[in-house]
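Here's the letter readout for the chains.
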Amino acid sequence: MRTVLSADWVLPVGAPPIRDGAVAIEGGLIAAVGTRDELGSGIEYADAAILPGFVNAHSHLEYAVYAGFGDGLPFAPWILIHVERKARIGAEEMEAIARLGAAECLASGITTVGDCSFKGAAAAACAGLGLRAIVYLEVFGITTEQLETRFDPTRERIAGSLGDLVRLGVSPHAPYTASPDLYEACFELELPVATHLSESPDEDTWMRSGEGPWKPLADGLPPPPGTSGIRLLAARGLLRPGMLAAHCVTVDTEEIALIAEHGVAVAHCPRSNAILGCGTAPLRELLEAGITVGLGTDSPASAPSFDMFEELRAALYLARAREQRPEALTATEALELATLGSARALGLDDEIGSLEPGKRADLAVVSLEGSPFLPWEDPAAAVVLGGSPERVTATLVDGEIRYERGAFDWHELRQNGARARDRLLALPPSRTR
Ligand SMILES: [Zn+2]
């Protein structure tokens, strides 16, 4: 069966916007992209734009209810709060949280996530709600032990959720928590690999000198190598094509060249980096070095939401502020980062990331009704500067409506999420007396 959706604008990404545009969907794939005159009007969305679903290049769905924990604290005490609280909940709560996170992504027009998952709960959540995902199971440590004790059992537990929609990856967490041996062993699994690189100045100080605010966190972690994480991995042949690196904030020219040379893709997370006081990644320099860059919301533990529109605006504001020029990132470029750029970063650009015949029918309909951006001038600027989850009318994955404003049942998802957050906030036993 062929379905046609049409709107004031279709933004295919990678091709110019189409006024009075339409998208034809057949068998879960995009059959055609054109004008209403060419394809018919089908289901009409007024005052709206149809765009490729956002691809969230870096998320942690399992932290969907962690908003505001330790806000304003330096990284070391901030992370300790999360570690302590995370230990208070079990697998069932992790899954309830991840389901709420997956729903919030769909509500934000996100159709794919590259999710770094501590417990693997994201897999069932994404499969259940129809959100496309690569779930990178996180491993930590000096030895490769966690691949047997943590990765393998989790992989087995979530096997029923894996398939075409939800795929498996592995995430050696970061060079300060995972040794080069562990990175090497992760690559040997021949799965998609994601990691965190050069997120904060404190991390960099620790890696280079073994000093600074991170010193008290070092228990059980690999010894500081005396060089940055990127240089360490490069020297050991562990920066490899297709690897996805979140953040890359504290990178110098040489490190940018190393990332480019080895074909590593970057997930840019501007809100998370700003809120945690880490800095702003040199987005323009990364792009000009030819690096594949996608956009990620990270998680509400930092960002503090899965709102991709807020992330787009943060990317735009910070790039322009950093470079002191408005053309440092145009709205069109920002939109491309969050769709095709992220799809490339996840290695999925053959299937998703733009509206092209033959690609999967993953798309979002965004209404600009009543906004100051109407009547239309530049539809990309309208969506990037004026969009919000409240303006997402529908989100489709494989041509199926997975989210529809006003018709989505939030009640149970929010209630279970709130119950889990209650547990996270509960006082530890030592402080209840
Ligand atoms: Zn992360």
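Preceding this section is the structure that the text describes.
These lines cover the structure that appears in this document, whether it is placed above or below.

Procedures and definitions
- Residues numbered from 1 in each chain as written.
- Predicted model: local features only at pLDDT ≥ 70, side-chain atom pairs only at ≥ 80, totals over all residues.
- Heavy atoms only, no water.
- Helix = DSSP H or I, 4+ residues; strand = E, 2+ residues; numbered from the N terminus.
- Rg over C-alpha atoms; globule rule 2.2 N^0.38 Å.
- Contact = heavy atoms within 4.5 Å.
- Areas by Shrake-Rupley, 256 points an atom, 1.4 Å probe, with all protein chains shown as cover.
- Lys, Arg positive; Asp, Glu negative; His and termini not counted.
- Charge placed at Lys NZ, Arg CZ, Asp CG, Glu CD.
- Buried < 20%, exposed > 50% of the residue type's maximum accessible area, 1.4 Å probe, protein only.
- Salt bridge = Lys/Arg side-chain N within 4 Å of Asp/Glu carboxyl O.
- Pairing = 2+ DSSP bridges.
- Axes fitted to C-alpha atoms, helices over the stretch in contact; angles between N-to-C directions.
- 1 Å grid on protein atoms, 1.4 Å probe; cavity = no way out; pocket = protein on both sides within 12 Å on 5 of 7 lines; lining within 4 Å.
- Points joined across faces, edges and corners; volume = space filled by probe spheres on them.
- Nonpolar A, V, L, I, M, F, W, Y, C, P; charged D, E, K, R; others polar.
- Donors = N, O, S within 2.8 Å, 3.2 Å for Na, K, Ca; no water.
- Core = buried A, V, L, I, M, F, W, Y, C linked by side-chain atoms within 4.5 Å.
- Right-handed = clockwise from strand over helix to strand, strands pointing away.
- Polar contact = N/O pair within 3.5 Å; in protein donor to acceptor, adjacent residues only side chain to side chain.

Moving on to the overall build of the chain. Along the backbone of the chain there are 16 helices and 15 strands. For the chain, whose C-alpha radius of gyration is 21 Å, the value lies close to the compact-globule estimate of 22 Å for 433 residues. A principal-axis box enclosing the C-alpha atoms of the chain has dimensions of 65 × 50 × 40 Å. Restricting the contact set of the chain to residue pairs at least 6 apart, pairs at least 24 apart contribute 69%. For the chain, the accessible area works out to roughly 16800 Å², and carbon and sulfur atoms hold 50% of it. Looking at the chain, you have 36 positive and 60 negative side-chain charges, and the mean spots of the two groups are 5 Å apart.

Quick look at the side chain of Glu199 now. If you trace the backbone, Glu199 turns up in the loop between strand 9 (194-197) and helix 7 (201-209). The buried charged residue Glu199 lacks any salt bridge, with Lys86 as its nearest oppositely charged partner at 12 Å. Other than its neighbours up to four places away in sequence, Glu199 contacts Phe75, Tyr176, His247, Val249, Asn273, Leu276 and Cys278.

Backbone hydrogen bonds hold the strands of a sheet together, and the pairing may be parallel or antiparallel. A sheet is described by the order of its strands in space; here four strands give the open sequence 5-6-7-8, paired in parallel fashion. Two strands in the sheet have a free side with no partner beyond their single neighbour: strand 5 (54-59) and strand 8 (166-172). Ignoring which end each strand starts from, the neighbouring axes of this sheet average 15° apart. Bridge count for strand 7 (residues 132-139) against strand 8 is seven bridges, and the pairing is parallel. The partner of Ile134 across the bridge, within strand 8, is Arg167. Helix 4 (residues 121-129) rests against strand 6 (110-117), strand 7 and strand 8 of the sheet, and its axis sits at about 165° to strand 6.

Glancing now at the sheet that holds strand 14 (residues 392-397). Pairing is mixed across the open sheet formed by seven strands, whose spatial order is 3-2-1-4-13-14-15. Of all strands in the sheet, those with a lone pairing partner are strand 3 (29-35) and strand 15 (400-404), marking the two edges. Looking at each pair of strands side by side, their axes are set apart by 35° on average, direction ignored. Pairing of strand 14 with strand 15 involves four bridges; the strand directions are antiparallel.

Turning our attention to the side chain of His268. Among the secondary structure elements, His268 is positioned in strand 11 (residues 265-268). Residue classification places His268 among the buried positions, given a relative accessible area of 2%. Setting aside residues no more than four positions away along its own chain, His268 makes contact with Ala281, Leu283, Val293, Gly294, Leu295, Gly296 and Ala315.

Size it by volume and the largest pocket reaches roughly 800 Å³. It is helix 2 (residues 75-86) that contributes the most residues to the lining of the largest pocket, seven residues altogether. Within the lining of the largest pocket, the residues separate by chemical class into 17 nonpolar, ten polar and five charged. The computed volume of the second largest pocket comes to approximately 300 Å³. Glu104, Ser305, Pro389, Trp410 and Arg414 are, among the 17 residues lining the second largest pocket, the residues nearest its centre. The leading source of residues in the lining of the second largest pocket is helix 3 (residues 91-107), at three residues. The class makeup of the residues in the lining of the second largest pocket is eleven nonpolar, two polar and four charged.

What follows deals with the coordination of the zinc ion. With distances of 2.0 to 2.2 Å, the protein atoms coordinating the zinc ion are His58 (NE2), His60 (NE2) and His196 (NE2). Considered as a linear motif, the donors of the zinc ion on their single chain read H-x1-H-x135-H. Here His58 and His60 have matching classes, each one buried.

Core analysis: the largest hydrophobic core is formed by 114 residues, its most contacted members being Phe54, Leu61, Tyr66, Leu131, Leu239 and Leu335. The dominant element in this core, judged by the number of residues it contributes, is helix 3, at nine residues. Those residues in contact with Leu61, other than ones at most four positions away along the chain, are Ile97, Ala98, Gly101, Ala102, Cys105, Val113, Asp115, Ala122, Cys126, Leu131 and Phe306. The next biggest cluster of nonpolar side chains, apart from the first, holds 16 residues, and it includes Leu5, Val23, Ile30 and Ala394.

This paragraph deals with the pattern of salt bridges. Per the stated rule, a full pass over the model turns up 28 salt bridges. For Glu310, the salt bridge identified is with Arg313, shortest N-O distance 3.8 Å. With Glu310 and Arg313 both in helix 12 (residues 308-323) and three residues apart, the pair spans about one turn of that helix. Using a relative accessible area of 10% as the deciding quantity, one classes Arg313 as buried. A salt bridge links Lys359 to Glu356, with the shortest nitrogen-to-oxygen separation between them at 3.5 Å. For Glu356, a relative accessible area of 38% puts it in the partly exposed group.

For strand 8, a buried count of six out of seven residues is recorded, marking the element as mostly surrounded by other parts of the structure. Between strand 7 and its parallel partner strand 8, the chain crosses via helix 5 (residues 145-158), and the hand of that crossover is right-handed.

To continue, consider helix 14 (residues 379-386). By the criterion of burial, helix 14 is predominantly enclosed, with seven of the eight residues buried. Listing the buried residues of helix 14 in full gives Pro379, Ala380, Ala381, Ala382, Val383, Val384 and Gly386. As for helix 14, its buried residues are in contact with strand 1 (2-10), strand 4 (43-52), helix 12 and helix 13 (331-345). Put simply, Asp378 is the residue that caps the front of helix 14, since its side-chain oxygen is 3.0 Å from the backbone nitrogen of Ala380.

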